[in-house]
Amino acid sequence: MPVPWFLLSLALGRSPVVLSLERLVGPQDATHCSPGLSCRLWDSDILCLPGDIVPAPGPVLAPTHLQTELVLRCQKETDCDLCLRVAVHLAVHGHWEEPEDEEKFGGAADSGVEEPRNASLQAQVVLSFQAYPTARCVLLEVQVPAALVQFGQSVGSVVYDCFEAALGSEVRIWSYTQPRYEKELNHTQQLPDCRGLEVWNSIPSCWALPWLNVSADGDNVHLVLNVSEEQHFGLSLYWNQVQGPPKPRWHKNLTGPQIITLNHTDLVPCLCIQVWPLEPDSVRTNICPFREDPRAHQNLWQAARLQLLTLQSWLLDAPCSLPAEAALCWRAPGGDPCQPLVPPLSWENVTVDKVLEFPLLKGHPNLCVQQVNSSEKLQLQECLWADSLGPLKDDVLLLETRGPQDNRSLCALEPSGCTSLPSKASTRAARLGEYLLQDLQSGQCLQLWDDDLGALWACPMDKYIHKRWALVWLACLLFAAALSLILLLKKDHAKAAARGRAALLLYSADDSGFERLVGALASALCQLPLRVAVDLWSRRELSAQGPVAWFHAQRRQTLQEGGVVVLLFSPGAVALCSEWLQDGVSGPGAHGPHDAFRASLSCVLPDFLQGRAPGSYVGACFDRLLHPDAVPALFRTVPVFTLPSQLPDFLGALQQPRAPRSGRLQERAEQVSRALQPALDSYFHPPGTPAPGRGVGPGAGPGAGDGT
């Protein structure tokens, strides 16, 4: 037996409170009033013309409150109509004006003035009724004796019996005096239909109503109409709208008992059913059984759509009203969540089919609209401008905040938050902060929003990544394509991969002595489970392929195999790096034809600028040759070790990332240190020199510190 996701089986839907009504006999309207008052009803209706408000000449009677009650007006015991009784509560408003003579002389100037004050008050009270398609106005005359006239006090009420209206209709009532001294009272009364009346069998129009059951079986919803085979009736499905007329969805004239099946995906909270017998002046009964159903609310959000009308205006299209708020957010490529731009922008209340506007100057594909419900749960998110402006762009959104005295601050919106510019943080926007600020000042950023408190700017990032290195990357890719076939043929090199992790050693050939020191370090590392590649051992390949092609092939193979690139910094290497960071190209210098370090910078720098270096690169320098602080800040985003004092940590960084720390690491460090020590002594203490002659710093090198 299937389990229904909701079960509602009611005669004509969920019934309201059942009413037991008083019966009035006779077709005539009547009026009566509180004890002490006298009242009468005019014999005929009047025109509904309230007129303008005029000043009261003194104390007047004014309606203060309307009270309604449902009754039945019956011709016979089983021939009744629904009727609306209205009670108008009255009070004395206004006051007598003091005569000028009385104010002057402190007494009554004329005994005739007292007579109006002791007279009774009369009023003509109008009741106006509107209930589509009926409208009428009646006039009630009320008189209050002088004994009950007390300023600001209620004097009682006058009751009108009664206004006939159709079952299930909405009646709007107004009350005012003629002439009108105050703003009219108004009241709206929703009349019940046959479901809410205990005496429905006394109203002929209720007798022929079809009986409707609503139930569910699995994913299907059944409307079961239990009527006789001879009865003809109409059935309509529609979306009930809070504002505006209902939106019809389906209508059919049927005969006899029927079972109509609806798919559960068609259910929304405002889906209502109207049923009526196909007879003249028949009563139409409406039920909306899905208002509280969770699946219907879920379907409503799935059916909702955001539509972009112009650059700044959009609307929410949905079958029913949605209590929700919307705000702009910024969505960056890469799958990160859309970040709300609140503040500086604010949340906006959303009304279905009502045009909304955001104060944008320009559109952008990364701008999206996200909508939340009353419980602040994200329900809907669409990037409206992406259809017309293309896919998401790799742009950075800058938020400008303006303060007093023309003070302003800038931050770049990133997944981790808004990074202040300039900043020393390690994020992408912080590393390129100076370039972003330069582009903002030169007008290369697109302004999206602006007001007194701040502004939003979209600055392109792709050029920072590709512009400087576009030609170099193209050359690298071409060489990579040519060399990939060669590398596939090097089976002996692939077999050597099992001997240990690959390590590519890069250095600047400052002089021949430093090259011997690098060769000693490479030879010592080969004694460990490492496969070391260095240009000293590949002179023939380097000459045949060229430095750029050789390095790119080695770097690509090393990183694909999970290896590590070792940057060995010296004063010459630091100078070359600084030159690249400032100018983007390496000028001519005293470097040999086999110096791969110069060529390697074209492919190394993008890895550092784009944050791909950690885990794939390490740095190193020799203790007495260079201080780690002299290494450019960009390259200190990876570990930089001094040798041989930090050999254990250096060798640990060269191991596989997931390899356990070997207990023999200290022993291997001592082995490398012993192998390296003769080369260090030869470099720092050349034969014939009495003391260390080499300085520390970017300008240090062989011969520095000799005083020559």
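Conventions and cut-offs
Residues numbered from 1 in each chain as written. Predicted model: local features only at pLDDT ≥ 70, side-chain atom pairs only at ≥ 80, totals over all residues. Heavy atoms only, no water. Helix = DSSP H or I, 4+ residues; strand = E, 2+ residues; numbered from the N terminus. Buried < 20%, exposed > 50% of the residue type's maximum accessible area, 1.4 Å probe, protein only. Contact = heavy atoms within 4.5 Å. Areas by Shrake-Rupley, 256 points an atom, 1.4 Å probe, with all protein chains shown as cover. Polar contact = N/O pair within 3.5 Å; in protein donor to acceptor, adjacent residues only side chain to side chain. Core = buried A, V, L, I, M, F, W, Y, C linked by side-chain atoms within 4.5 Å. Lys, Arg positive; Asp, Glu negative; His and termini not counted. Salt bridge = Lys/Arg side-chain N within 4 Å of Asp/Glu carboxyl O. pLDDT = per-residue confidence, 0-100. Pairing = 2+ DSSP bridges. Axes fitted to C-alpha atoms, helices over the stretch in contact; angles between N-to-C directions. Arc of directions from axis to C-beta. Phe/Tyr/Trp six-rings, centres within 6.5 Å; stacked < 30°, edge-to-face > 60°. Lys NZ or Arg CZ within 6 Å of the ring centre and 35° of its normal.

Novice: Could you clarify how one ought to interpret the overall build of the protein in this entry?
Specialist: Secondary structure summary: the protein contains 16 helices and 35 strands in total. Expressed as a percentage of the 708 residues in the protein, the buried residues total 44%. Considering only residue pairs separated by 6 or more positions, the protein has 67% of its internal contacts joining residues 24 or more positions apart. For the protein, the computed accessible surface area is about 36500 Å², with 52% contributed by carbon and sulfur atoms.

Novice: How should I be thinking about the side chain of E414 in this particular structure?
Specialist: If you trace the backbone, E414 turns up in strand β27 (residues 408–414). Engagement of the side chain of E414 in a polar contact is seen with the side chain of T427, the distance being 2.9 Å. Apart from the residues lying within four places of it in its own chain, the contact partners of E414 are Q339, T419, T427, R428 and A429.

Novice: What's the story with the nonpolar core in this structure? I'm lost.
Specialist: Soluble globular proteins: nonpolar side chains tend toward being buried together. With 56 residues, the main nonpolar core has W314, L341 and V369 as its most contacted residues. Not counting residues up to four positions away in its chain, the partners in contact with L341 are L328, C329, W330, L367, L397, L413 and L456. One finds A503, A524, L528 and F641 within the second-largest nonpolar core, a separate group that totals 37 residues.

Novice: I tried to follow the side chain of D535 on my own but got confused; where do I start?
Specialist: Within the fold, D535 resides in the loop between β32 (530–533) and α11 (539–545). With no salt bridge to any partner, buried D535 finds its closest opposite charge in R539, at an N-O distance of 4.3 Å. Of note is the side chain of D535, whose polar atom sits 2.9 Å from the side chain of Y507.

Novice: Is there a simple way to think about the environment of E376 in this case?
Specialist: Here E376 lies in the loop between β24 (367–373) and β25 (378–382). E376 gets classed as exposed once you look at its relative accessible area, which sits at 69%.

Novice: Would you take a moment to explain the confidence of the model for the protein for this structure?
Specialist: Atom-level detail of predicted coordinates should not be read off regions where pLDDT is low. On average, residues of the protein score 78 in pLDDT, and 81% of them are at 70 or above. The weakest mean pLDDT in the protein belongs to helix α1 (residues 100–105) at 47; the strongest belongs to strand β34 (residues 617–622) at 93. Per-residue pLDDT stays below 50 along residues 691–708; that stretch engages in 40 contacts with residues further than four places along the chain or on separate chains.

Novice: Looking at this model, I keep getting lost on the sheet that holds strand β29 (residues 446–450). Mind explaining?
Specialist: Within a sheet, neighbouring strands are paired by backbone hydrogen bonds and run either parallel or antiparallel to one another. The antiparallel open sheet is built from 5 strands, whose spatial order is β28-β27-β26-β30-β29. Each having just a single partner strand, β28 (417–421) and β29 make up the two edges of the open sheet. Across the sheet, the mean angle from the axis of one strand to that of its neighbour is 30°, orientation sign disregarded. Strand contacts of helix α6 (residues 433–441): β26 (395–402), β27, β28 and β30 (454–460), with the helix running at about 75° to β28, the strand carrying the most contacts.

Novice: How do you make sense of α6 when you look at a structure like this?
Specialist: Working note: α-helix, 3.6 residues per turn, so residues spaced by three or four point in the same direction. Within the span of α6, buried status applies to G433, L436, L437, D439 and L440. The buried side chains of α6 occupy one side of the element, clustering within an arc of 160° when seen end-on. Facing away from the buried side of α6 by over 90 degrees, the exposed positions are E434 and Q441. Directly beyond the C-terminal end of α6, a positive phi value near 80° is found at G443.

Novice: Explain the pairing of strand β5 (residues 79–93) here, please?
Specialist: Here is the key point about a regular strand: its side chains alternate between the two faces of the sheet. Across the 15 residues that make up β5, a large majority, 11, are buried. Sheet topology note: the strand β4 (residues 60–76)/β5 ladder contains 15 bridges and is antiparallel. In the strand pairing of β5, V71 is matched with C83. Counted between consecutive antiparallel strands, the loop separating β4 from β5 contains 2 residues. Both β5 and strand β8 (residues 154–164) contribute to a ladder of 8 bridges, which runs antiparallel. The partner of H89 across the bridge, within β8, is S157.

Novice: So what exactly am I meant to see when it comes to the pairing of strand β7 (residues 134–144) here?
Specialist: With 4 bridges joining them, strand β3 (residues 38–41) and β7 adopt antiparallel strand pairing. Bridge assignment links L41 to a residue of β7, and that residue is L140. Where strand β6 (residues 121–131) meets β7, 11 bridges bridge the pair, whose relative direction is antiparallel. Of the residues in β7, the one forming a bridge with S128 is C137.

Novice: Could you clarify how one ought to interpret the packing of aromatic side chains in this entry?
Specialist: The relation between two aromatic rings is expressed through the spacing of the ring centres and the mutual angle of the planes. In this structure the tally under the stated criterion is 9 aromatic pairs. When the ring of F129 is compared with that of F163, the centres are 4.5 Å apart and the planes differ by 5°; the resulting orientation is stacked. Note that F129 is positioned in strand β6 and F163 in strand β8, a separation of 34 residues in sequence. Using a relative accessible area of 0% as the deciding quantity, one classes F129 as buried. Site record: aromatic cluster; members linked through ring pairs are F514, F622, Y683 and F684. Residue placement shows R249 over the ring face of W239; its charged tip is 3.8 Å from the ring centre. Between the NZ or CZ atom of R624 and the centre of the ring of F684, over which it lies, the distance is 4.6 Å.

Novice: Would you mind showing me how to read the pattern of salt bridges here?
Specialist: Pairs can form between side chains of opposite charge whenever their charged atoms are close. For the structure shown, the criterion picks out 16 salt bridges. Across the pair D161 and R85 runs a salt bridge, and its minimum N-O distance is 2.6 Å. Of this pair, D161 sits in strand β8 while R85 sits in strand β5, and the two are 76 residues apart along the sequence. Each member of the pair, D161 as well as R85, carries the same accessibility label: buried. With a closest N to O distance of 3.1 Å, E400 and R408 form a salt bridge. Within this structure, D29, D45, R73, R136 and E164 form a network of salt bridges that share partners.

Novice: How do you make sense of the sheet that holds strand β23 (residues 356–357) when you look at a structure like this?
Specialist: A sheet is described by the order of its strands in space; here 3 strands give the open sequence β18-β19-β23, paired in antiparallel fashion. Looking at strand neighbours, the two that pair on one side only are β18 (305–308) and β23, the edges of this open sheet. Bridge analysis of strand β19 (residues 313–317) against β23 gives 2 bridges, and the strand direction is antiparallel. Bridge pairing links S313 to E357 in β23.

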